[in-house]
Amino acid sequence: MTKHKDFKHLVRQRMSSTGENFTSARAALLEGRVHEHQSHSESPPTDPTAEAFRAKTVRTFMSDGRLVSIPSKRKALVVILLEILRVFETDRIYREKDVNSILEAFHPDFARLRRELIDYRYLSRDGHTGQYWVNDPLPERSVNLVQETAAFETFLR
């Protein structure tokens, strides 16, 4: 039994209004509290566990600025994609050829990296003109994507 029945009541209210399961509704409410805290402080609080995971992932998968391999676990992939995203300028339009060149400097499978960057909506593209750009600010996330990305996207800010 939970000690915080008021919070549990809020979670249940959110579940009924959004159709989310308990875990997702709870995570969304907790995320809302983090955003309140961030707006009142000068810098976002860092999660030591997330920072340790990020550092370990970068050490494991990147050597001399290149990818040793592309991670199969989604959270590790997000960390690597965010590291790669740092190379892109936020106020620039890229041609597909330019994006491929940048990504090929990290790993020979540049097409997969490009797809992943687009799937996570870190990059957007215009299919007719072949132009790419960095999404700034980052788009709203579905509940599932928040679970994979939220702890690591704070490092971008």
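Residues numbered from 1 in each chain as written. Predicted model: local features only at pLDDT ≥ 70, side-chain atom pairs only at ≥ 80, totals over all residues. Heavy atoms only, no water.

**Q** I keep staring at the confidence of the model for the chain and nothing clicks. Help me out?
**A** A low pLDDT score tells you not to read the predicted coordinates there in detail. Mean pLDDT over the chain: 81, with 83% of residues reaching 70 or higher. Counting interchain partners and residues more than four positions distant, the pLDDT-below-50 stretch residues 33–45 has five contacts. (pLDDT = per-residue confidence, 0-100. Contact = heavy atoms within 4.5 Å.)

**Q** Explain helix H5 (residues 96–104) here, please?
**A** An α-helical segment advances 3.6 residues per turn. Residues three or four places apart therefore align on the same side. Along H5, the residues that are buried comprise Asp-98, Val-99, Asn-100, Ile-102 and Leu-103. Tucked into the core, H5 has its buried residues touching helix H4 (74–85), strand E3 (94–95), helix H6 (110–119), strand E4 (123–126) and strand E5 (131–134). (Buried < 20%, exposed > 50% of the residue type's maximum accessible area, 1.4 Å probe, protein only. Helix = DSSP H or I, 4+ residues; strand = E, 2+ residues; numbered from the N terminus.)

**Q** How should the packing of aromatic side chains be read in this particular structure?
**A** Note on aromatic pairs: each is described by the distance of the centres and the angle between the planes. Taken as a whole and assessed by the stated rule, the structure comprises two aromatic pairs. Centre to centre, the rings of Phe-88 and Tyr-94 are 5.2 Å apart; their planes meet at 80°, and the pair counts as edge-to-face. For Phe-88, a relative accessible area of 5% puts it in the buried group. (Phe/Tyr/Trp six-rings, centres within 6.5 Å; stacked < 30°, edge-to-face > 60°.)

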